[in-house]
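Structural characterization, general
Here are the chains, one letter per residue:
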Amino acid sequence: MVKVVSVRFRTAGKIYFFGAEDKEINKGDHVIVETARGVEYGTAVSGVREVPEEKIVQPLKNVIRVATKEDDEQQIKNGEKEKDALALCKRKIAAHGLVMKLIDAEYTFDGNKLLFYFTADGRVDFRELVKDLAGTFRTRIELRQIGVRDETKLIGGIGVCGRELCCKIFLPDFGQVSIKMAKDQGLSLNQQKISGLCGRLMCCIKNEAETYEELNKHMPSPGDMVTTPEGDRGVVHSVSILKQNVRVIIDEGDEKEIKEYPVSELTFKRGHHKDRNLSAEELAELKELEELEKKDQMDKLESDEDKPVKNEMRRPGNKGGRNEKSGEEFGKGHDKNPSKNYDKKNYDKNHDNRKFDKRGNRDGKHKKDNKKDEQ
């Protein structure tokens, strides 16, 4: 068992493990830790607890210290600097004529790195912008392209329920939401009513998907034939999934009457749920919405927010990221010894000038073996 503390760096962000050693850390304390991005200021979401070693990715980074009053003041100053950096970067983007929307700016706690988050329709060549920003801020610059869901998570807002967005206050990851979930819950299939502020299917649809899926197993579909407790045959008019009640149309002579029964009192053979009557335009909109949802999931797999990013400018050979489970650094520091860095030009030159003997041995190597063979 290893003593660890769970640390979060953003509201509703991912949680990482860091070693606690003999430090006394309580839930809600601010801590200073070291990650691949540098020294960072985080919040402990739990006290010190023991975790099995197999759940830890070694080596486990330890908490440097519990944040002091000076650290808290430094974090506030960083927040003020981020606002100025955001405004300046927007002006630089306009000056360079780049088609990108700047979302947020973030300083690492030690100020050695400045990150800018942006959205764009495609890939953006921002190399000149990075050079300009590096010369202005005199620190390491990283530009990170994010999706529309991450944009909404950073900015926040109020949902149709009247509450603050789930992704902003407690949702660490975006689950995959499908149109089928909305159908199973009897929601309106109007694109505007089932889409969130990000323009994608609302995350809260997934929250109750398992419950509705289980309840629907015991319910008939509208249009199915059922037998009532009185022995009458009728057609299902509508269902109340949460109440587990069914409204049935029954013929009463020349008239038709709608009666409501608990599903447990009805006898029926459950069929497949039928799609509702939708126009071709509505079906096309729903299909497009679902394709966007799948694309977002694929983009998320290819470029996770805590993995090394392709769309950035780094020093040669210096790749790094924050380990998802332990907060450890990986792949960082290869540029500390420049002699070990890969030099393609010299490598190709030396490779072309290599000499080979008749047996294909390079530069006279294995001559001893050749002499033995001759003898």
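Everything below is about the structure shown above.
Here goes a summary of the coordinates provided. (Residues numbered from 1 in each chain as written. Predicted model: local features only at pLDDT ≥ 70, side-chain atom pairs only at ≥ 80, totals over all residues. Heavy atoms only, no water.)

1. Comments concerning the pattern of salt bridges
The tally for this structure, following the rule as stated, stands at 14 salt bridges. For Arg127, the salt bridge goes to Asp125, with nearest N and O atoms at 2.8 Å. Linked through salt bridges whose partners overlap, the residues forming this network are Arg10, Arg37, Glu40, Asp104 and Glu106. (Salt bridge = Lys/Arg side-chain N within 4 Å of Asp/Glu carboxyl O.)

2. Things to note about the packing of helix H1 (residues 69-96) against helix H2 (residues 127-137)
Orientation of H1 relative to H2, taken along the N-to-C sense of each, is 140°, at an axis distance of 10 Å. One way to sum up the angle between H1 and H2 is to call them oblique. Crossing handedness for the pair H1 and H2: right-handed. Between H1 and H2, the contacting residues are Ala85, Leu88, Cys89, Lys92, Ile93 and His96 on the first element and Glu128, Leu129, Asp132, Leu133, Thr136 and Phe137 on the second. The residue inventory of the contact of H1 with H2, partitioned by class, reads 7 nonpolar, 2 polar and 3 charged. (Axes fitted to C-alpha atoms, helices over the stretch in contact; angles between N-to-C directions. Helix = DSSP H or I, 4+ residues; strand = E, 2+ residues; numbered from the N terminus. Parallel < 35°, antiparallel > 145°, perpendicular 65-115°, else oblique. Left-handed = near helix turned anticlockwise from the far one by under 90°. Contact = heavy atoms within 4.5 Å. Nonpolar A, V, L, I, M, F, W, Y, C, P; charged D, E, K, R; others polar.)

3. Here we look at the packing of aromatic side chains
Each aromatic ring pair is specified by the distance between its two centres and by the angle formed by the two planes. Under the defined criterion, the tally for this structure stands at 5 aromatic pairs. Aromatic side chains Tyr41 and Phe109 sit 5.9 Å apart centroid to centroid with 20° between the ring planes, which places their arrangement in the stacked category. Residue Tyr41 is found in strand S4 (residues 38-44), and its partner Phe109 is found in the loop between strand S7 (101-107) and strand S8 (113-119); the two are separated by 68 residues along the sequence. For the pair Tyr41 and Phe109, a shared accessibility class is recorded, and that class is buried. For the pair Phe118 and Phe126, a centre-to-centre distance of 5.9 Å together with 80° between the ring planes defines the contact as edge-to-face. For Phe118, a relative accessible area of 0% corresponds to the buried category. (Phe/Tyr/Trp six-rings, centres within 6.5 Å; stacked < 30°, edge-to-face > 60°. Buried < 20%, exposed > 50% of the residue type's maximum accessible area, 1.4 Å probe, protein only.)

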